[in-house]
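# Coordinate inspection notes
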Amino acid sequence: MPEPVMPGYGAIDDGGDVDVAPDPGAMTPTRRLGGALGLGFWLSVGWLVAIATAAVFADALPFVGDPDSPIRDVARKSGPSLEYPFGVDSNKFDVFARSIYGARVSLMVGFATILVGFVVGGGLGLLAGYFRGRLETGLVAGADAMLAFPQLVAALAIVAFLGASVVNLILALSLLAVPALFRVTRAATLAMAERDFVTAARMVGATHRRILWREILPNVVPPMLSFGLLAVAIVIVGEGALAFLGLSVSAPTPSWGALIERGRDSLGDAAHISLGPAFMMFLTLVALNHVGDRLSRRFDIREAAM
Amino acid sequence: MTGSAQPTLAGVDDHFPIGDPSAPVVEADDLVTWLRTPRGPARAVDGISLRIAAGQTLGVVGESGSGKTMLSRSVMGLLPRRIVERLDGTVRYRGVEVPRHDETALRRLWGREMAMVFQNPLTSLNPVVPIGRQISESLAHHYDMGRDERREHALELLRSVGLPEAEHRLGSFPHELSGGMRQRVVIAIALACGPGLLIADEPTTALDVTVQRQILDLLDQQRRERSMAMMLITHDLAVVAGRADEVAVVYAGQVVERAPAAELFASPRHPYTRALLDSIPSPVQPSHARLDAIAGRPPDLVAPPDGCRFAPRCAYVTDACRVAVPELVEAQGSVAGVGGRPTREVRCIHPVASSEGLS
Amino acid sequence: MLIVRKLGPLAAVLVLVTFFATLLLRLVPGDPVITIGGFDARNDPERAAAIEAEIGLDRNVFGQYAKWVGNAVSGDLGRSFQDGQKVTTKIADKLPVSLMLLVYAQMLALLIAVPLGVAMAYRLDSWIDRYGSLALFGLLAMPAYIVGILLKIIFVEWLDVLQPLSLRTPSLLDAPGAHIESMILPAFTLALGLVPIYARVLRTDLIATLKEDFIDVARAKGLPPRRILFRHALRPSSFSLLTVAGLATGNLIGGAVVVEFLFAVDGFGQLLVSALTRDDYVVLQAGIVVLAVGFVVVNFCIDLLYAAADPRLRRHGA
């Protein structure tokens, strides 16, 4: 008898006394606003697409001004207005424009790092989960050691000793991304490798390479993806921290973290200098978290159903 | 009993009133408990009444899915509020009405006047608290006892439930005890404040066969010594034989037969009771004889059939059975009992006449 | 037995970390000799050799590491490039402040997260659960520097309650009022970063625990909900919280850098940052090592706490 799942405390251990098993059809919330994934999901996706597009095409967009030239007819540090939604900073730069350009570094570093994580960490995870043996043990130990280390410190160390370039940043931040994605991919691969369809492929005589590529990889990608989105958020936060401390790249424009830091002396009279980029960053992080969350739950349910 | 309204608990301060000592310990009338499920309300308890007098045991028997555990919890009022769709009926404890919708008032009763022994002794005890503390906790809460006094009391209780080396066990953790010992501890916890009603919900199902009897004997002994009313819930008729004074057979949230135990076993009137009795393996049967299981599936509490709820599985069903739910009426062989209530009742429009019955 | 088994991997991590820090010193772009002694030092062979010997660059990596370890064990972590002070002195000076910040942050975080988590689990799906979850989700998306900035705006600018301070953080003993005043915002900032995780984790565990039979039994005893929640349900549900708190402590040691920088707290983080900006590699190296050691020690203590909290683990050594 299925155990009734009741919210609120006190399970009814009735030994299956009352059959309140939920009807499996009720699991799919298709009647929710915005469909199965929810309205928030699509709003988040929309925001992410918008900000990414804006960052990439900033030069061409009419409503994004020049981040590095002072605006003449406005007072220093003046607050948000219709024309300049985030106001103007102490150098008379358009804060909104700077925020959009700032997204460039943050997003680029974020996604690039995760890409490295996917390729290196994901690749190794696949191999470890599929071939097992001493390769796996070694890799797992390595990943655990990397994860055991306080990440910010490692990133700080690398950037401090090796200088702040985009490459170094990505390197530093991927110290976290690679082992984390390794873990996730390995776990997913382990789950997949036991499945019947893999055994079936083996029996037909498929090579390891073919199995990995055709059978396992497509099934492992979804959980990797949802985790990857969450990881992007973490990397953006990390890059922001480094930027805040003055350790990130500042060309073409300072990233979000640096922009926030620059406004911190004007919090009294011109808080918008910090709050503008902060708000943009916040929205992006919320969107990434939400999308990653929803996707991971979706794939978990499918896993369970299988 | 005067004709004025029954006193209720609401106005009572600390000490529960003795109420009417001549009234049965617990009286439940027309209990209805419907639970919220995704498919609709499940009628776990659909109009059940019962009475238990001091020192008496009422056996409640039914299959899994019959609603018997929900019944016990309904009597006590121990239901998680969130899943209850409908709650009707009255419960009177020693003549005083129990405020079933007021959890704060109910808490004054729980542990002190009404106690419950749960099915699984392994999970019924908090794994990180020593058992001595788990016993004296209700003492601490309901009474103003000093720490030494509580310890003494807990020790006494452990001895009275037959736990060996009680002194050393006070500080033990549940995982250090065997299943039978744990169940004894659970019983000790229930008895700590000297309740008037003890509900034992499948107390032996999770135990070894050898231990089962000991536990049942223990419960019997405690009931006698303390003159408690006891409600013994089980799916196993054999557990109830010889230990209950009266038996109520429950099916699909309703009582389908109620009789003094001996009479129930000798001459069951309801086809379901008959089927239950027939399905008990008997030592006199030749080995490899087929066991008579009851055909069909457990009842659907969300959408019960029109008419008699046992009809889909009844060997003697007729068309008339499917028309309306039979009432619980006085059965053949019943005499006038306490308070004018019949001693035997059955919910069937053609009850089985005798144990030979129709073939 | 248990202790020894746990020490092994931790010691390994320590060695790895310290070696890594030493290694980085060799990868630094630029010439450390110049950084330490100025341009002239490079032209003066004796001086250059002396400096190189001091840092350990006259040997290979392993030799350098060995020398460093030898020195470290005897309490010598080198001298700062900036001011020549002994690194150990500098660290001993600033570390206590950071540790206090850490402790305050954890205390505040638990003070907020535990009641919140309990309330959310007990009143599942109620308004406090839903809005609480929403708020926590939002908080989770706010890195420490954003939270800090916001708090600064609210408390320093708008409410004018707490003043931005002087260079040295007042000590607890000498000036308790000023000490608290200068520490409370950074501590609160750090705490707010921890609260979402703590509350979430606790809520999840509690929900599972509350479904257990022994909670029902406690309820059937007539115990009031508060007692059931805090005396019975909380302890078995706190393992995940403990783990997370431990991990957070380890990470906080490093992550507080940003907060210290923002609030001008004169602690270890500030030391690291100034070493960073001034290329004071010796201090950096020592700093990284201290952080790693702290991390390792904390994790070890967490494991010990586990054994203490769950009696079932004691005998069998998990």
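Everything quoted here is computed from the prediction, not taken from an experiment.

Along its length, chain C carries 15 helices and zero strands. Counting every position in chain C, which comprises 318 residues, the buried fraction comes to 50%. In chain C, of all internal contacts separated by at least 6 residues, the share reaching a separation of at least 24 is 70%. Element-wise, carbon and sulfur atoms account for 66% of the exposed surface of chain C, whose accessible area totals about 14,500 Å².

Before going further, it helps to examine empty space enclosed by the protein. This structure, assessed with the given rule, holds eight cavities of 30 Å³ or more. For the largest cavity, the calculated volume is near 80 Å³. Lining of the largest cavity is provided by 13 residues; of these, Pro271, Cys308, Cys314, Cys321 and Cys348 of chain B occupy positions nearest its centre. Among the residues forming the lining of the largest cavity, the class breakdown is ten nonpolar, two polar and one charged. Contributions of two or more residues to the lining of the second largest cavity are made by β6 (114-117) and α7 (179-191) of chain B together with α10 (213-220) of chain C. Within the lining of the second largest cavity, the residues separate by chemical class into seven nonpolar, two polar and one charged.

Residues and elements named next belong to chain B. Here β6 shows a buried face lined by Met114 and Met116 and a second buried face lined by Ala115 and Val117. As judged from the four bridges shared by β6 and strand β7 (residues 197-201), these two strands associate in the parallel manner. Paired with Ala115 across the two strands is Leu198, which belongs to β7.

Attention now moves to the sheet that holds strand β10 (residues 254-260) of chain B. All names here are of chain B. Strand order in this open sheet of eight strands is β6-β7-β8-β3-β9-β10-β12-β11, and the pairing throughout is mixed. The open sheet is flanked by β6 and β11 (329-330), the only strands paired with a single partner. Of the strands in this sheet, β6 and β7 are in contact with α7, which crosses β6 at around 170°.

Time to look at the interface of chain B and chain C. With 29 residues of chain B at the interface, the matching set in chain C holds 22 residues. When chain B packs against chain C, close to 2,400 Å² is buried across both sides, 54% of that on carbon and sulfur atoms. In terms of surface lost to chain C, no three residues of chain B exceed Arg107, Val128 and Glu137 of chain B, which account for 24% of the buried area on that side. Between the two partners, chain B and chain C, sit four salt bridges. Taking the shortest distance from any N to any O, the salt bridge between Lys221 of chain C and Glu137 of chain B comes out at 3.0 Å. For the pair chain B and chain C, the number of links is 13 residue pairs in polar contact (both at pLDDT 80 or more). Mapped onto the side of chain B that touches chain C, the elements with two or more residues apiece are α1 (68-76), α2 (103-109), α3 (121-124) and α4 (131-142) of chain B.

Conventions used here
Residues numbered from 1 in each chain as written. Chains lettered and ligands numbered in written order. Predicted model: local features only at pLDDT ≥ 70, side-chain atom pairs only at ≥ 80, totals over all residues. Heavy atoms only, no water. Helix = DSSP H or I, 4+ residues; strand = E, 2+ residues; numbered from the N terminus. Buried < 20%, exposed > 50% of the residue type's maximum accessible area, 1.4 Å probe, protein only. Contact = heavy atoms within 4.5 Å. Areas by Shrake-Rupley, 256 points an atom, 1.4 Å probe, with all protein chains shown as cover. 1 Å grid on protein atoms, 1.4 Å probe; cavity = no way out; pocket = protein on both sides within 12 Å on 5 of 7 lines; lining within 4 Å. Points joined across faces, edges and corners; volume = space filled by probe spheres on them. Nonpolar A, V, L, I, M, F, W, Y, C, P; charged D, E, K, R; others polar. Pairing = 2+ DSSP bridges. Axes fitted to C-alpha atoms, helices over the stretch in contact; angles between N-to-C directions. Buried area = accessible area lost by both parts, 1.4 Å probe. Salt bridge = Lys/Arg side-chain N within 4 Å of Asp/Glu carboxyl O. Polar contact = N/O pair within 3.5 Å; in protein donor to acceptor, adjacent residues only side chain to side chain.

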